[in-house]
Amino acid sequence: MALPEDRELSICPSTYIGMFISDSSTRVIFVSEGCTMAVGYTPEDLIGTRARDFIADSIGRDDYLDQYEDRDTHELVGFDDEANVYSMWINIKSARGAPVLHRIISFKCDATIVYLGVTFPEVPFRDHSTHVIEKLDGELAQLSVSPEDQERARGTRPMPQTFMTPNRQAKCVLILENYAPQNADQQINGPLINFALASIDRIIDADNTDLISFPFLKLVAPEDVLHVTTYLEDLSGSTDVKFKRFALLSRPRIIEGDIEVQDEDNMRVLVEGLGAASSKDGIVLFLRKLRTLPPPKRHNMHEYTHSRIGTTSDDDHLSLLDILSTDPETTDAAPGWSQLR
């Protein structure tokens, strides 16, 4: 697939969010707009294709997929695999043909792989297997391994270096229609929800099928509606992936006739969110539950105070910001990462 002449690749790091089915098809079901700057493909180019076909490393496309599932047994890798977050480096084929180095942060969620791609276009292409063998040579030499054993080790198929960290918070993905602030209804209720994974019921008291065509801002705690609205505006005007913490209502009133829980009695669910936009398919929000909070108090004007969401948690986990900002192979890595293979 050739890159049109009027479509330029970014020479600076780019970020984008993608989703593909976690079976042998690896069918791509969503990609945000940032992929165009990152690798030259539009979301329309990629939807319905196989994610495995874009891996440029010669170690084998299935080797990366084995990080999520064992090819022989088809069993999940690791304990409570849905709870893990994965970090790996992959060379991805661009539309111009040249591979682009990516750091991939990925999550398993309802038989779907959700990933954040961060590109490093300034790094020249270096096949992963060559890097692994050079690293192995140095380690074997230090151990005084015999030449015969060194040759045998070099012939072993190198695997991707994959790290994971426990991430036991519930996760979900919502896809919203494109946000149009000039739309009077969207100004009040926000964009409608077009898609929701079933795991939303692990975050709030709601069924994913009932959320289709439901206004997103009606799920948001009233004290956070204003800055979530700003967040949606920022996403709509950018190709970048953006981070936000905010609170959802634990028991939103979705179906007419359901018992309505008043806002002042409705527990809040604090979530971390990664969002990105696609001009055709809307806004994707990857949400991760942190904890449940009591509703905030009203001040003297009978309005809620802002939820005053902190940047840290007393829970034993890495925040999404920790995960995104540290490489587990470097000395500045946040504690909690461990090598998977």
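Residues numbered from 1 in each chain as written. Predicted model: local features only at pLDDT ≥ 70, side-chain atom pairs only at ≥ 80, totals over all residues. Heavy atoms only, no water.

### Examining the confidence of the model for the protein chain
Then comes step 1: Residues with a pLDDT of 70 or more make up 67% of the protein chain, whose mean pLDDT is 77.
Then comes step 2: Looking at the elements of the protein chain, mean pLDDT is at its lowest for helix H5 (residues 147-154), recorded as 49, and at its highest for strand S8 (residues 193-196), recorded as 96.
Then comes step 3: Contacts from residues 1-11, a stretch scored under 50 in pLDDT, to residues over four places away or in other chains number 28 contacts.
Then comes step 4: Low pLDDT, under 50, characterises residues 150-159; the stretch is placed with 19 contacts to residues that sit more than four places away or in other chains. (pLDDT = per-residue confidence, 0-100. Helix = DSSP H or I, 4+ residues; strand = E, 2+ residues; numbered from the N terminus. Contact = heavy atoms within 4.5 Å.)

### Let's talk about empty space enclosed by the protein
Then comes step 1: One pass over the structure, following the stated rule, counts two cavities of 30 Å³ or more.
Then comes step 2: Roughly 40 Å³ of internal volume is contained in the second largest cavity.
Then comes step 3: If you trace the second largest cavity, you find it lined by Ile 17, Phe 107, Val 114, Tyr 115, Leu 116, Leu 274 and Phe 286.
Then comes step 4: The element contributing the most residues to the lining of the second largest cavity is strand S5 (residues 112-120), with three residues. (1 Å grid on protein atoms, 1.4 Å probe; cavity = no way out; pocket = protein on both sides within 12 Å on 5 of 7 lines; lining within 4 Å. Points joined across faces, edges and corners; volume = space filled by probe spheres on them.)

### Details of the pairing of S5
Then comes step 1: Of all nine residues in S5, seven are buried, a share of seventy percent or more.
Then comes step 2: Pairing between strand S1 (residues 15-21) and S5: seven bridges, direction antiparallel. For Gly 18, the partnering residue across the bridge sits in S5 and is Tyr 115.
Then comes step 3: Bridge analysis of strand S4 (residues 99-109) against S5 gives nine bridges, and the strand direction is antiparallel. Looking at the pairing, Leu 101 lines up with Phe 120 of S5.
Then comes step 4: Taking the residues between adjacent antiparallel strands as the criterion, S4 and S5 are bridged by two residues, where Asp 110 takes a positive phi near 55 degrees. (Buried < 20%, exposed > 50% of the residue type's maximum accessible area, 1.4 Å probe, protein only. Pairing = 2+ DSSP bridges.)

### Quick notes on the pattern of salt bridges
Then comes step 1: Applying the stated criterion across every chain, the model contains five salt bridges.
Then comes step 2: In this structure, Asp 205 engages Arg 251 in a salt bridge whose closest nitrogen and oxygen atoms are separated by 3.8 Å. Placement of Asp 205 in the loop between S8 and helix H7 (208-211) and of Arg 251 in the loop between strand S9 (242-249) and strand S10 (268-278) is noted, with a sequence separation of 46 residues between them.
Then comes step 3: A salt bridge links Glu 272 to Arg 245, with the nearest nitrogen and oxygen atoms 3.0 Å apart. Here Glu 272 is found in strand S10, whereas its partner Arg 245 is found in strand S9, with 27 residues between them in sequence. (Salt bridge = Lys/Arg side-chain N within 4 Å of Asp/Glu carboxyl O.)

### Some thoughts on the pairing of S1
Within a regular beta strand, the side chains point alternately toward one face of the sheet and then the other, so they alternate between its two faces.
Then comes step 1: Buried residues dominate S1, accounting for seven of its seven residues.
Then comes step 2: Residues of S1 alternate between two faces, with Thr 15, Ile 17, Met 19 and Ile 21 on one and Tyr 16, Gly 18 and Phe 20 on the opposite face, all of them buried.
Then comes step 3: In terms of strand pairing, S1 meets strand S2 (residues 28-31) through three bridges, oriented antiparallel. Residue pairing in the sheet places Met 19 in a bridge with Phe 30 of S2.
Then comes step 4: Where S1 folds back on S2, the antiparallel hairpin that results is connected by six residues, among which Thr 26 adopts a positive phi of roughly 45 degrees.

### Some words on the sheet that holds S10
Then comes step 1: Ordered in space as S8-S7-S11-S10-S9, the five strands form an open sheet in which the pairing is antiparallel. This sheet does not close on itself; its edge strands, each paired only once, are S8 and S9. Taken pair by pair, the neighbouring strands of this sheet meet at an average axis angle of 30 degrees, ignoring direction.
Then comes step 2: Bridging between strand S7 (residues 171-176) and strand S11 (residues 282-293) involves six bridges; their strand directions are antiparallel. The residue of S11 that forms the bridge with Ile 175 is Val 284.
Then comes step 3: Across the sheet, helix H8 (residues 225-236) is in contact with S7, S9, S10 and S11; its angle to S9 comes to roughly 145 degrees. (Axes fitted to C-alpha atoms, helices over the stretch in contact; angles between N-to-C directions.)

### Things to note about the environment of Ala 206
Then comes step 1: Within the secondary structure, Ala 206 is located in the loop between S8 and H7.
Then comes step 2: Under the relative-accessibility criterion, Ala 206 is labelled buried at 9%.
Then comes step 3: It is 9.7 Å that separates the C-alpha atoms of Ala 206 and Ile 255, two residues lying 49 residues apart in sequence.
Then comes step 4: In contact with Ala 206, other than residues within four places in its own chain, are Ile 200, Asp 201, Leu 211 and Ile 254.

### With respect to the packing of aromatic side chains
Then comes step 1: Taken as a whole and assessed by the stated rule, the structure comprises six aromatic pairs.
Then comes step 2: Measuring from ring centre to ring centre gives 6.1 Å for Tyr 16 and Tyr 115, while their planes differ by 85 degrees; the resulting arrangement is edge-to-face. In this pair, Tyr 16 is assigned in strand S1 and Tyr 115 in strand S5, connecting sequence segments 99 residues apart. Pair check on accessibility: Tyr 16 and Tyr 115 agree, each one buried.
Then comes step 3: With a centroid separation of 5.1 Å and 50 degrees between ring planes, the pair formed by Trp 89 and Phe 120 is classed as tilted. (Phe/Tyr/Trp six-rings, centres within 6.5 Å; stacked < 30°, edge-to-face > 60°.)

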